[in-house]
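Chain by chain, the residues run as shown.
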Amino acid sequence: MAGYISFYKLDEWFSNTFSSDEQKYMIHTFQPFSSNDTENCLTSGTHHSDNSCSAFLVTLLGWFYNKNNIELCKKIATKAEESFSSQENSFIETHFYYQGLIQFYYKIRDTEGILEKVICLCNEAISIAPKVATEMKKDFPKLPRHIAYEQLAIILKKKKDWKAVIDICKKAKKEKWNGDWDKRINEAELKIKNDLSLY
């Protein structure tokens, strides 16, 4: 075996974790460099990367987001979490690591304990957001969307915790992350006002 799997020393994990059919599907689907589905950079060829193992696994995870691949994605996500080390990852890598896991786990949020896991991941991502913003501003004049802030705002809205929605959106806005923060804040403030009018 070669490719990225060998570069990240994931040979044993890949061979023992996935069935033969899953391996073939992953090799066929993961095509980061070409639309030519005969190219296999996952388990053949010589490939290198400056990214950490956990960053690679979260990138790999993103290639398989759909309802038919939930179990396969769980295996990748679990390995990404096992491989993660804050000492080995830059703030930018850590940011996208959390983002990838949040996007996957929210899809299966109805599974017991998963919504709480998503909230925890969001809070972890938000805790480093100012440092990530500082790094991003070195290369980009405008910050992108922040998935953790957005996802947490959505979760809090569904819980009808309007004060928390306002607080989190104001924090995201202050840090200048792109998003419809004013709209979310105004909606939450209106909900609080309407709730107070009932008393």
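See the structure shown above.
Here's what I pulled together on the structure shown here. (Residues numbered from 1 in each chain as written. Predicted model: local features only at pLDDT ≥ 70, side-chain atom pairs only at ≥ 80, totals over all residues. Heavy atoms only, no water.)

**A look at the environment of Phe14**
Inference 1: Within the element layout of this structure, Phe14 appears in helix α2 (residues 11-17).
Inference 2: On the basis of relative accessibility, which here comes to 1%, the residue Phe14 falls in the buried class.
Inference 3: With 42 residues separating them in the primary sequence, Phe14 and Phe56 have C-alpha atoms 14 Å apart. (Helix = DSSP H or I, 4+ residues; strand = E, 2+ residues; numbered from the N terminus. Buried < 20%, exposed > 50% of the residue type's maximum accessible area, 1.4 Å probe, protein only.)

**Looking at helix α8 (residues 129-136)**
Inference 1: Among the residues making up α8, those that are buried are Ala129, Val132, Ala133 and Met136. Projected down its long axis, α8 carries its buried residues within an arc of 100°, all on one side.
Inference 2: Those residues of α8 hidden inside the fold are in contact with α6 (91-107), α7 (114-127) and α9 (147-158). (Arc of directions from axis to C-beta. Contact = heavy atoms within 4.5 Å.)

**So, the packing of aromatic side chains**
Where two aromatic rings form a pair, the distance of their centres and the angle of their planes describe that pair.
Inference 1: Under the definition given, this model contains 15 aromatic pairs.
Inference 2: With 5.7 Å between their ring centres and 50° between their planes, Phe14 and Phe18 make a pair best called tilted. Side by side, Phe14 and Phe18 carry an identical accessibility label, which is buried.
Inference 3: Summarising the aromatic geometry, the rings of Tyr97 and Tyr98 are spaced 5.3 Å apart at their centres and angled 55° between planes, so their arrangement reads as tilted. A single burial state applies to Tyr97 and to Tyr98, both of which are buried.
Inference 4: Here the aromatic cluster, defined as three or more aromatic residues joined through ring pairs, consists of Tyr4, Phe7, Tyr8, Phe30, Phe56 and Trp63.
Inference 5: Just above the ring of Tyr65 sits the side chain of Lys107; from NZ or CZ to the centre is 5.6 Å.
Inference 6: Sitting over the ring of Tyr106, Arg109 keeps its end group 4.1 Å from the ring centre. (Phe/Tyr/Trp six-rings, centres within 6.5 Å; stacked < 30°, edge-to-face > 60°. Lys NZ or Arg CZ within 6 Å of the ring centre and 35° of its normal.)

**Concerning unusual backbone geometry**
Inference 1: Positive phi values are uncommon outside glycine, yet Lys160 reaches one of about 60°.
Inference 2: Among the secondary structure elements, Lys160 is positioned in the loop between α9 and α10 (162-174).
Inference 3: With phi around 70°, Lys176 is a residue other than glycine that occupies positive phi space.
Inference 4: Position of Lys176 among the secondary structure elements: in the loop between α10 and α11 (181-197).

**Describing the state of the cysteines**
Inference 1: Considering all chains together, one arrives at 0 disulfides under this definition.
Inference 2: We note that Cys53 lacks a disulfide partner, and the nearest cysteine sulfur, in Cys41, lies 15 Å from it.
Inference 3: Summary of cysteine pairing: Cys120 is not part of a disulfide, and the nearest cysteine sulfur, belonging to Cys122, is at 9.3 Å.
Inference 4: Judged by relative accessible area, which is 42%, Cys120 ranks as partly exposed. (Disulfide = S-S within 2.5 Å.)

**Quick notes on the pattern of salt bridges**
Inference 1: If you walk through the whole model with that rule in mind, you get 11 salt bridges.
Inference 2: Between Glu22 and Lys75 there is a salt bridge, with the nearest N and O atoms lying 3.2 Å from each other. Of this pair, Glu22 sits in helix α3 (residues 20-29) while Lys75 sits in helix α5 (residues 70-83), and the two are 53 residues apart along the sequence.
Inference 3: For Lys75, a relative accessible area of 27% translates into the label partly exposed.
Inference 4: Ionic pairing is found between Lys173 and Asp182, a salt bridge with its closest N-O pair at 2.7 Å.
Inference 5: In this structure Lys173 comes out as partly exposed when scored by relative accessible area, which is 42%. (Salt bridge = Lys/Arg side-chain N within 4 Å of Asp/Glu carboxyl O.)

**With respect to α10**
Inference 1: In a regular helix each residue adds 1.5 Å, so 13 residues correspond to 18 Å; α10 covers 18 Å between its end C-alpha atoms and thus fits that length.
Inference 2: Among the residues of α10, those classed as buried are Trp162, Ala164, Val165, Ile166, Ile168, Cys169 and Ala172.
Inference 3: Following α10 by one or two positions, Lys176 has its phi on the positive side, about 70°. (Expected span 1.5 Å × (residues − 1).)

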